[in-house]
Amino acid sequence: MKYQTYLIDLDGTMYRGKEKIPEARVFIDNLNQAGIDYYFLTNNTTKTPQQVADNLVNNHQIRATAEQVVTPSLATAAYIQNMFDDDITNHSAYVIGEYGLKSAVFNTGIKLNEDNPDVVIVGLDYDVTYHKFEVATLAIKKGAFFIGTNADTNLPNERGLVPGAGSVISLVETSTQQKAHYIGKPEPDMIFFAAKEKGFDPKTSVMVGDNYNTDIKAGISAKVDTLWVNTGVSTHADIDKEKIKPTHQVESLDQWDV
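No experiment lies behind these values; they were computed from the predicted model shown.

### A few points about the overall build of the chain
Across its full length, the chain carries nine helices and 15 strands. Here the C-alpha radius of gyration of the chain, 18 Å, is about what a compact globule of 258 residues would show, namely 18 Å. Projecting the C-alpha coordinates of the chain onto the three principal axes gives extents of approximately 55 × 35 × 35 Å. Every one of the 258 residues in the chain was classed for burial, and the buried ones make up 53%. Long-range contacts, defined as pairs at least 24 residues apart, comprise 66% of the intrachain contacts of the chain with a sequence gap of at least 6. Only carbon and sulfur atoms are counted for the fraction: they give 48% of the accessible area of the chain, which is about 11800 Å².

### A word on helix 8 (residues 212–221)
Residue pairs three or four apart in sequence face the same way in an α-helix, which turns once every 3.6 residues. Three or more residues of helix 8 are buried, namely Tyr-212, Thr-214, Asp-215, Ile-216, Ala-218 and Gly-219. Looking at the packing, one finds that the buried side of helix 8 touches helix 7 (189–198), strand 13 (205–209), strand 14 (225–229) and helix 9 (236–241). The distance from a side-chain oxygen at the start of helix 8 to the backbone nitrogen of Asn-213 is 2.9 Å, and the residue carrying that oxygen is Asn-211. Just downstream of helix 8, Lys-223 is the residue with a positive phi angle, here 60°.

### Focus: unusual backbone geometry
A cis geometry characterises the amide bond from Lys-185 onward to Pro-186, with omega recorded as 20°. Along the chain, Pro-186 turns up in the loop between strand 12 (181–182) and helix 7. With a phi close to 55°, Gln-61 is a non-glycine residue in the positive phi region. Note that Gln-61 resides in the loop between helix 2 (49–60) and strand 5 (69–70).

### Notes on the sheet that holds strand 5
Read across the open sheet, the six strands follow the order 5-4-1-13-14-15; overall the sheet is parallel. Looking at the sheet topology across the chains shown, the edges are occupied by strand 5 and strand 15 (248–250). Taken together, the three bridges between strand 14 and strand 15 define a ladder with parallel strand orientation. Considered in strand 15, the bridge of Leu-227 is made with His-248. Lying over the sheet, helix 1 (residues 22–34) contacts strand 1 (5–8), strand 4 (37–41) and strand 13, oriented at roughly 155° with respect to strand 1.

### Quick word on the environment of Lys-141
Considering the arrangement of structural elements, one finds Lys-141 in helix 5 (residues 130–141). The partly exposed category is assigned to Lys-141, whose relative accessible area is 48%. Put simply, Lys-141 and Gln-178 are 37 residues apart on the chain and 9.0 Å apart in space, counted from C-alpha to C-alpha. Apart from residues lying up to four places away in sequence, Lys-141 is in contact with Ser-175, Thr-176 and Gln-177. At 2.9 Å, the side chain of Lys-141 and the side chain of Gln-177 are in polar contact.

Definitions and cut-offs
- Residues numbered from 1 in each chain as written.
- Predicted model: local features only at pLDDT ≥ 70, side-chain atom pairs only at ≥ 80, totals over all residues.
- Heavy atoms only, no water.
- Helix = DSSP H or I, 4+ residues; strand = E, 2+ residues; numbered from the N terminus.
- Rg over C-alpha atoms; globule rule 2.2 N^0.38 Å.
- Buried < 20%, exposed > 50% of the residue type's maximum accessible area, 1.4 Å probe, protein only.
- Contact = heavy atoms within 4.5 Å.
- Areas by Shrake-Rupley, 256 points an atom, 1.4 Å probe, with all protein chains shown as cover.
- Polar contact = N/O pair within 3.5 Å; in protein donor to acceptor, adjacent residues only side chain to side chain.
- Pairing = 2+ DSSP bridges.
- Axes fitted to C-alpha atoms, helices over the stretch in contact; angles between N-to-C directions.

These results come straight from atomic positions and should not be treated as a statement about function.
Set out below in structure tokens:
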């Protein structure tokens, strides 16, 4: 099947941390030459879409614009706007996360509140402290709605697999005895958000990624075809164990005929 839209993961698919994946650039060049739309669906909440695009262009020579980047930060902002559609400025939030997440959330007009917020949002935070966990835990215990940006326990980079947002969120889940409502992959929310925001048909799109437990499961949950590439987290042994296989499998993206 020839797909009209490609939804593409980043870490482990387009690059590994600071390490280039040359075949990924070939793949994107092929999409551009064929005039096929593509968007980058990353679980990275630490960066803004512009920062993500700049990294792709400047460090990996991969053609990308901020408008092609979809993050859980943007999807979370849309989610809370729907939650508080009466008037979001009358509501408040506490956020554990980096600038990419905080900027998206607070650009909605929701207020910062450490004492009694309506919602607590937890994502990857490189400077997370006991105090931040304490504030989040107490707020959720008081009744704040608990959102987790994404469940990635680890991130692949040039040093190996390092802790991801899911590891941070799981601490708050343990301390509150509550499960977070997750927005990012493997939940289908990001794909549905991207389809609505960018105006493509999920039925003619394909989700491309290296991680079965996030990228591929997101596609499966959204009933979108999937393309697994063996350049990141999941291995052939991992795929073999799964009952539902990716629609397509390749060793590297330059092998894929767009």
